[in-house]
Amino acid sequence: DTEVTQTPKHLVMGMTNKKSLKCEQHMGHRAMYWYKQKAKKPPELMFVYSYEKLSINESVPSRFSPECPNSSLLNLHLHALQPEDSALYLCASSQEDRIIQTQYFGPGTRLLVL
Amino acid sequence: AQSVTQPDIHITVSEGASLELRCNYSYGATPYLFWYVQSPGQGLQLLLKYFSGDTLVQGIKGFEAEFKRSQSSFNLRKPSVHWSDAAEYFCAVAPGGATNKLIFGTGTLLAVQP
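Residues numbered from 1 in each chain as written. Chains lettered and ligands numbered in written order. Predicted model: local features only at pLDDT ≥ 70, side-chain atom pairs only at ≥ 80, totals over all residues. Heavy atoms only, no water.

Colleague: Sorry, what's going on with the overall build of chain A here?
Modeller: On a plain count of helices and strands, chain A comes out with zero helices and 11 strands. Counting from the amino terminus, chain A carries its helices and strands in the arrangement β-β-β-β-β-β-β-β-β-β-β. At 13 Å, chain A has a C-alpha radius of gyration in line with the 13 Å of a compact globule built from 114 residues. Counting only contacts in chain A whose residues sit at least 6 apart along the sequence, the fraction spanning at least 24 positions is 55%. Counting every atom, chain A has about 5600 Å² of accessible surface; 50% of that belongs to carbon and sulfur. Put simply, chain A has 13 plus and 11 minus side-chain charges, and the middle of one group is 7 Å from the middle of the other. (Helix = DSSP H or I, 4+ residues; strand = E, 2+ residues; numbered from the N terminus. Rg over C-alpha atoms; globule rule 2.2 N^0.38 Å. Contact = heavy atoms within 4.5 Å. Areas by Shrake-Rupley, 256 points an atom, 1.4 Å probe, with all protein chains shown as cover. Lys, Arg positive; Asp, Glu negative; His and termini not counted. Charge placed at Lys NZ, Arg CZ, Asp CG, Glu CD.)

Colleague: How should I be thinking about the environment of Glu15(B) in this particular structure?
Modeller: Residue and element names in this part refer to chain B. Structurally, Glu15 can be placed in the loop between strand 2 (10-14) and strand 3 (19-21). On the basis of relative accessible area, Glu15 is assigned to the partly exposed category, the value being 36%. Setting aside anything within four residues of it in sequence, one finds Glu15 in contact with Val81, His82, Trp83, Val112, Gln113 and Pro114. (Buried < 20%, exposed > 50% of the residue type's maximum accessible area, 1.4 Å probe, protein only.)

Colleague: Looking at this model, I keep getting lost on unusual backbone geometry. Mind explaining?
Modeller: Working note: non-glycine residues mostly have negative phi, and peptide bonds are mostly trans. All names here are of chain A. Following Thr7, the chain continues into Pro8 via a peptide bond in cis, with omega recorded as -10°. Secondary-structure assignment places Pro8 in the loop between strand 1 (4-7) and strand 2 (10-13). For Lys40, which is not glycine, the phi torsion reads 60° and is therefore positive. With respect to the helices and strands, the residue Lys40 is situated in the loop between strand 4 (31-37) and strand 5 (44-50). The class of Lys40 is exposed, set by a relative accessible area of 74%. One non-glycine residue with positive phi stands out, namely Ser59, at about 55°. Turning to its location among the elements, Ser59 is positioned in the loop between strand 6 (53-57) and strand 7 (64-70).

Colleague: I keep staring at the interface of chain B and chain A and nothing clicks. Help me out?
Modeller: Many authors give the size of an interface as the accessible area that is lost as the parts come together. Opposite the 20 residues of chain B that make contact, chain A presents 22 residues. Joining chain B to chain A, the criterion identifies one salt bridge. A salt bridge links Lys101(B) to Glu58(A); its shortest N-O distance comes to 3.2 Å. Applying the counting criterion to the chain B and chain A interface returns five residue pairs in polar contact (both at pLDDT 80 or more). Put simply, the parts of the chain that give the side of chain B that touches chain A at least two residues each are strand 5 (32-38) and strand 6 (44-50) of chain B. Element by element, the count of residues in the side of chain B that touches chain A is highest for strand 5 of chain B, at four residues. (Salt bridge = Lys/Arg side-chain N within 4 Å of Asp/Glu carboxyl O. Polar contact = N/O pair within 3.5 Å; in protein donor to acceptor, adjacent residues only side chain to side chain.)

Pasting the structure below:
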């Protein structure tokens, strides 16, 4: 099973709202990722967690706050977003204990900021 | 700097025709190479990957790709396209051992004519 699940599928929020995106995998993967994808563009890496610790932050604004409560779960907390943050947010996971890792992606959460 | 080029932004083929999507990378050593497919509004699905060994790699859904070191290419092929293959295709490179950072090409949008 190579399934990564994401909730919600769609989210509409105002610029003053606080919301969270959730990602879950039960493949025993110890690396999890958040990507942002604008329309007609490739995914852009935002964060990487390795063994529940943040290992990569690609200079993402602080209005995006990741959290990895356990090895199966990854959250992305959103606060005071801007309309330009509207995008498809993709979660991915991979096995951290392999030299060569293959990332498996979830279906994404489509976010609209009004 | 490492980069991935997909020269064709948009390709249209007839159903049943053969398909080749181009991918060129710029990297000093042999990278790890991936092809992903993304249907509209969906996440990315892994089609195939190349790490080493046989340069012709078989993937899911009848796709294959050939690694050509001399041309720094990893082109995706399918002998007979189905209407359900219409999607965006991304080539991705993981330079060296840093396989938790994927570099994506800009994508090729495939349309299939009946």
